[in-house]
Amino acid sequence: MQIQHFNGANISASGMAAERQRMEVIANNIANAHSTRSAEGGAYRRQLLVFSPAMNDRGRQESANDFHGVQVLGRVTDHSELPLVYNPGHPDADPESGLLAMPNVKLPSEMIDLIMASRSYEANLKALSSFRQMVEQTLRLLRRGG
Amino acid sequence: MDAMFPQFRLLSHALDFASQNHRVISQNLANINTPNYQARQLSFEQFLDHIQKGHRSEPPPQYDVHLTAGLTARADGNNVDLDAELGNLKRNDLTYQALNELLGAKFEIMKAAIKG
Amino acid sequence: MNPAITNSAIGPIAGVQGIYSPTSSTTAERLVRPAGGESFGDVVQGYLQQVNADQLRADTAIADFVSGKTDNIQQVVLAMANADLSFQFLMEIRNKIIESFHELMRMQF
């Protein structure tokens, strides 16, 4: 068991960690937007993170103490159809039809997700620094009285 | 059980409400990209009720959390409004700061009175 | 003869009350506890208990915070500030009492 002080900071920290992981996954998607070979065989498939609100043991959220931020449940693969491009010269293309399966990564939507993740990260950072300010202000009450 | 300076209790309970409120806003911000997450808010009515009844309880109560009404959900079912929540965060911050300053000023007055 | 002077240490303080109730009887018991009011000793006693309660409350708050039982820094700081104030108040009263005691001891009869 770990003693947790200042739990309010953990909420924002969990949000920042989740958004950072999301940015990494998005960057990986963008980097592999043209990878036609992957470890699983075939073209690279877009990766996604699954988020879920972190709750207390009873799984309820009735008072502020039940809030523990967000948790990343795991990484899943986007199984939507791979777009086919006619590219007979490519070594991974189908030899008969000349069609090449490309990754199902859509750059515009990845870029939008990236911007969203970055804004969300900043929002969590703001919440964290305002929490820090609150604690500092409170502690100052003891100091000024000397 | 009453502390010696009950004057501080109103301000301290208001501070406690603001800090619980901060938690709720942080939770909304942390879940801004969680599908199907519904924005929540702390019951200010319950706080007012508590204050009007003389706010005797020690420690201060845990206020109820409600789903925020009147929000439009995005395609993924999440209805957290980032800018509104950032506004709430700032407002709550200022409230907390003001209450804290008032409490500090009250301490100073009491101290001056004691020192004579 | 004034009984306050012949009394032991608490005597002079009790004697102060005697001045305000000149019609009370001459027994020391009556002077310490005048009719229809708390004695000075009772007030101080009650006050001491309150200061102690504030200290205990601050100790409990600190213990709860250290052991992770509470996360509420506001309540801990407030309990501490409350204990600080009431203790300063007590010290100020103690100084005043000692001061007036010395004043009385210096009096020429």
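Look up a bit, the structure's there.
Since this is a predicted model, take the numbers as computed values, not measurements.

Student: Got a sec to walk through the overall build of chain A? Specific residues and values, please.
Tutor: Regarding its fold elements, chain A presents 2 helices and 4 strands. Ordered by position in the sequence, the α and β elements of chain A form the string α-β-β-β-β-α. Radius of gyration (C-alpha) of chain A: 22 Å, far over the 15 Å computed for a compact globule of 146 residues. The C-alpha extent of chain A, read off along each of the three principal axes, is 85 × 35 × 25 Å. Looking at the 146 residues of chain A, the share that counts as buried comes to 27%. Long-range pairs, those at least 24 residues apart, make up 63% of the contacts in chain A between residues at least 6 apart in sequence.

Student: So, the environment of A:Arg132: which residues are in play, and what are the values?
Tutor: Residue and element names in this part refer to chain A. Note on placement: Arg 132 falls in helix H2 (residues 107–144). Exposure remark for Arg 132: the 14 C-beta atoms within 10 Å place this residue in the partly exposed category. Sequence separation between Arg 132 and Asn 28 is 104 residues, and the spatial gap between their C-alpha atoms is 33 Å.

Student: Got a sec to walk through helix H3 (residues 82–115) of chain B? Specific residues and values, please.
Tutor: Residue and element names in this part refer to chain B. Its 34 residues give H3 an end-to-end C-alpha distance of 49 Å, which sits within 8% of 50 Å, the value for a rise of 1.5 Å per residue. The set of residues buried in H3 consists of Glu 85, Asn 88, Leu 89, Asn 92, Asp 93, Tyr 96, Leu 99, Asn 100, Leu 103, Phe 107 and Met 110. Two residues or fewer after H3 comes Gly 116, characterised by a positive phi angle close to 70°.

Student: Could you give an account of the interface of chain A and chain B, naming the residues involved and the relevant values?
Tutor: Residue-level contacts link 33 residues of chain A with 32 residues of chain B. Counting only elements with at least two residues in the side of chain A that touches chain B, the list comes to helix H1 (7–31), strand E1 (47–53) and H2 of chain A. Ranked by residues supplied to the side of chain A that touches chain B, first place goes to H2(A) with 15 residues. Residues belonging to the side of chain A that touches chain B are distributed by class as follows: 12 nonpolar, 16 polar and 5 charged.

Student: Please provide a residue-by-residue account of the interface of chain C and chain B, values included.
Tutor: Between chain C and chain B, the contact holds 16 residues from the first and 15 residues from the second. Broken down by secondary-structure element, the contributors of at least two residues to the side of chain C that touches chain B are helix H4 (40–66) and helix H5 (73–106) of chain C. Across the side of chain C that touches chain B, the residue classes break down as 6 nonpolar, 7 polar and 3 charged.

Student: Quick one: what's the story with the packing of H1(A) against helix H1 (residues 8–30) of chain B, residue by residue and with numbers?
Tutor: Running from N to C, H1(A) and H1(B) point in directions that differ by 10°, and their axes come no closer than 8 Å. Judged by the angle between their axes, H1(A) and H1(B) are roughly parallel. Across the interface between the two elements, A:Gly8, A:Ile11, A:Ser12, A:Ser14 and A:Gly15 from H1(A) touch B:His22, B:Arg23, B:Ser26, B:Gln27, B:Leu29 and B:Ala30 from H1(B).

Conventions and cut-offs
- Residues numbered from 1 in each chain as written.
- Chains lettered and ligands numbered in written order.
- Predicted model: local features only at pLDDT ≥ 70, side-chain atom pairs only at ≥ 80, totals over all residues.
- Helix = DSSP H or I, 4+ residues; strand = E, 2+ residues; numbered from the N terminus.
- Rg over C-alpha atoms; globule rule 2.2 N^0.38 Å.
- Buried ≥ 20, exposed ≤ 12 C-beta atoms within 10 Å, placed from the backbone.
- Contact = placed C-beta atoms within 7 Å.
- Expected span 1.5 Å × (residues − 1).
- Nonpolar A, V, L, I, M, F, W, Y, C, P; charged D, E, K, R; others polar.
- Axes fitted to C-alpha atoms, helices over the stretch in contact; angles between N-to-C directions.
- Parallel < 35°, antiparallel > 145°, perpendicular 65-115°, else oblique.

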